[in-house]
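What follows is the residue order along each chain.
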Amino acid sequence: MSERFDAVIIGTGQAGPSLAVKLAGAGRKTAIIERKLIGGTCVNNGCIPTKTLIASARAAHVARRGGDYGVTIDAPVRVDMAQVKRRKDSVVRHSTESLTRWLGGTSGLSVISGHARFESPKSVRVGDRLLEAEQFFINVGGRAAVPDMPGLAEVPYLTNSTIMEVDFLPEHLVIVGGSYIGLEFAQMYRRFGSKVTVIEMAPRLVGREDEDVSAAIRTILEAEGIAFRLNAKCVALARDGESIVVNVSCDEEPLEIAGTHVLLAVGRVPNTGDLGLDRAGVATDARGYITVDDQLRTNVPGIWALGDVNGRGAFTHTSYNDYEIVAANLLDNDPRRVTDRIATYALFIDPPLGRAGMTEKEVRASGRKALVSTMPMTRVGRARERGETQGFMRVHVDAETKRILGASLLGIEADEAVHSLLDAMYAGAPYTVIQRAMHIHPTVAELIPTLLGGLKPLA
C-alpha cells in the first residue's frame, strides 16, 4: 500500500526542514526523509563543528600571544584534543537535538528515516514504504570529493567528515587542496600544534579570489608556520613505514612530502548517484548536479532541487535562500529568483575574508567604467587595538551609477563588516549613502565610509 502526501522532502540540510515546517504550517500533508544525519553537512560536519573547532584553535593562539598584550602565562599552552572534540560534539548535539524536536513537534509533518529512491516522478521508496506525492523537493546535499589519485586506495586519509572524529593531535598533517576548506583546517590544526603542509596543484591559493587576496592569505598563514607547495604535479600517495608520502613533482625538488596524516580537501560532489533520478526523469549535468531553472524547478514538473545538490550555491546561506525562494513562489505568490541574490561568502581563517559581489577580475572583464579603493587594515583602529592588522579592504563601484559592484575585505571582523556593503548593494543604493552614515567607533565598519572616500578610477 502506498502512502499519500501533498509534499515530500528528501534530505534535512539547511533548506529541507524550514521548507517542511512551512508547507506543513500551510496545511499540506508533508513528509521529510533523512537517511543518516539530521541537519545535513552544516550541522554535522560543516559550518557548526568547524567553526567550533576554529574557536578552540583561536583560544590556543591568543593564549600563546598573551605576552604581546601584557598577559603572562607561566606554563606552556597545551591543547587537550579529546576535550576539544567533546566541546565540538556538544555544540553539534545541541543543534541536532533542537532540529529533531522542531521537526518532530510540527503538526502535519512526518519525519521518516531511511534512504529515499525515486520509483517514478510521483513516488519514492524508503525501505518497504512507498510514498506518493504531487510535489517533491530534493535537498540531499553533497560530500567530499575523493579523486582517482594514484596510491590513494593504499593509504588512510581524512575528509572534512572523517576528521570530525579525530580526538588526537596529528604530528604532521598534509592537506591536499589549498582552497576554503583546506585552509580553514590548515590554520586550525597548526594552532592546535600540528606541523601542517598544504599541497595545491594550482599556482596560487583560493584561485577564485583576486591574486593579491590570494597572496595576502598565504602571507598570513605562512606567518603562523604553515608550509605550502604550489604548482604540485604528478600528485600521488604511498606508504613509507609509519609515514604517508605525497608525491608533489615529477622533476622539481622536493619530489615528495612525508606526513603522518593526510586530509583531502579537493572539492565536493553532489549526492545524486543513488536517488533513482533516472526513474523520475530528472536531468543532471556532467558533474552530477541537478539542473534547475531560476526558481529551482527541475525539468520534471512537480520536482524541485534545493541546496548544494543543484550546483547554484555551495554554502549554508545559499541553501537557506533556496528554501526562501521556493516557499515564496509556492505559498506567497512572490516570484523570487536565484538570480536576485548577490554572491557572498566568507573564508573563516583568522582574520577572515568577507566577500560580496564581483572580484576585481570580474569587474575588469565586464568592461564597465569602475572606481576602486583599497585600505590596509593597519589604518583601522579596531585592528591596531586588537593587535591584528593583517590584510586589507577593497571595494569596487560602478563609475556611472555609483552602485557598489563588489568588495573583498580581508581582516579582523571582515566577515561581519562586509554586510554593511552587501545591504547597500541589495538596496540598489549609491555608495554615497554609506559615506553619509554615522557608524559606531571603534569598529571595523566605521572605516567603510573612509574607504569609499578614497575611490579612484580603476586603471
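One structure accompanies this document, and this report is about it.

Here is what the cut-offs are and how they apply
- Residues numbered from 1 in each chain as written.
- Predicted model: local features only at pLDDT ≥ 70, side-chain atom pairs only at ≥ 80, totals over all residues.
- Heavy atoms only, no water.
- Phe/Tyr/Trp six-rings, centres within 6.5 Å; stacked < 30°, edge-to-face > 60°.
- Helix = DSSP H or I, 4+ residues; strand = E, 2+ residues; numbered from the N terminus.
- Buried < 20%, exposed > 50% of the residue type's maximum accessible area, 1.4 Å probe, protein only.
- Lys NZ or Arg CZ within 6 Å of the ring centre and 35° of its normal.
- Disulfide = S-S within 2.5 Å.
- Pairing = 2+ DSSP bridges.
- Core = buried A, V, L, I, M, F, W, Y, C linked by side-chain atoms within 4.5 Å.
- Contact = heavy atoms within 4.5 Å.
- Axes fitted to C-alpha atoms, helices over the stretch in contact; angles between N-to-C directions.

**Some thoughts on the packing of aromatic side chains**
Step number 1: In the structure shown here, the tally under the stated rule is 6 aromatic pairs.
Step number 2: Arranged with centres 4.8 Å apart and planes meeting at 20 degrees, the rings of phenylalanine 137 and tryptophan 304 form a pair that is stacked. Residue phenylalanine 137 is located in strand β6 (residues 129–138), and its partner tryptophan 304 is located in strand β16 (residues 303–305); the two are separated by 167 residues in the primary sequence. As far as burial versus exposure is concerned, phenylalanine 137 and tryptophan 304 are alike and both buried.
Step number 3: Ring geometry for tyrosine 180 against tyrosine 345: centres 5.8 Å apart, planes inclined by 80 degrees, an arrangement best described as edge-to-face. Of this pair, tyrosine 180 sits in helix α5 (residues 180–192) while tyrosine 345 sits in strand β17 (residues 344–347); the two residues are 165 residues apart in sequence, bridging distant segments of the chain. An identical accessibility class is assigned to tyrosine 180 and tyrosine 345; each is buried.
Step number 4: Just above the ring of phenylalanine 5 sits the side chain of lysine 29; from NZ or CZ to the centre is 5.0 Å.

**What about the state of the cysteines?**
Step number 1: Applying the stated rule across the entire model yields 1 disulfide.
Step number 2: You can see cysteine 42 has no disulfide; the closest cysteine sulfur is in cysteine 47, sitting 3.4 Å from it.

**Looking at the sheet that holds strand β21 (residues 404–410)**
Step number 1: Here we have 6 strands laid out as an open sheet, ordered β17-β18-β21-β20-β19-β22, and antiparallel in their pairing. Of all the strands in the sheet, the pair left with one neighbour each is β17 and β22 (456–457).
Step number 2: Here strand β20 (residues 392–398) pairs with β21 via 6 bridges, running antiparallel. Paired with methionine 393 across the bridge in β21 is leucine 409.

**A look at the nonpolar core**
Step number 1: Of all hydrophobic cores here, the largest spans 47 residues; its most connected members are Val8, Ile10, Leu19, Ile33, Phe118, Phe137 and Ile138.
Step number 2: If we ignore the near neighbours within four places in the chain, the residues touching phenylalanine 118 are Ile10, Ser123, Val124, Phe136, Ile138, Leu275, Gly276, Leu277, Arg279, Ala280 and Ile303.

**Regarding the side chain of threonine 318**
Step number 1: In this fold, threonine 318 is placed in helix α8 (residues 316–331).
Step number 2: What threonine 318 contacts, discounting residues up to four positions off in sequence, is Gly313 and Arg341.

**Some points on the pairing of strand β11 (residues 236–240)**
Step number 1: Where β11 lies against strand β12 (residues 243–247), 5 bridges are found, and the strand directions are antiparallel. Bridge pairing in β12 links alanine 236 to asparagine 247.
Step number 2: The turn linking β11 back onto β12 is made up of 2 residues, and glycine 241 within it adopts a positive phi angle of 65 degrees.

**With respect to the sheet that holds strand β10 (residues 227–229)**
Strand pairing within a sheet occurs via backbone hydrogen bonds; the two strands may be parallel or antiparallel.
Step number 1: With respect to topology, 4 strands assemble into an open sheet ordered β10-β9-β8-β14, the strand pairing being parallel. A single partner strand is all that each edge strand has here, and the edge strands are β10 and β14 (261–264). Pairs of neighbouring strands in the sheet enclose a mean axial angle of 20 degrees, with direction left out of account.
Step number 2: Summarising the sheet, strand β8 (residues 172–176) and strand β9 (residues 195–199) pair through 5 bridges and their orientation is parallel. Looking at β9, one finds that histidine 172 is bridged to lysine 195.
Step number 3: Against the sheet, α5 engages β8, β9, β10 and β14, with an angle of about 165 degrees to β9.

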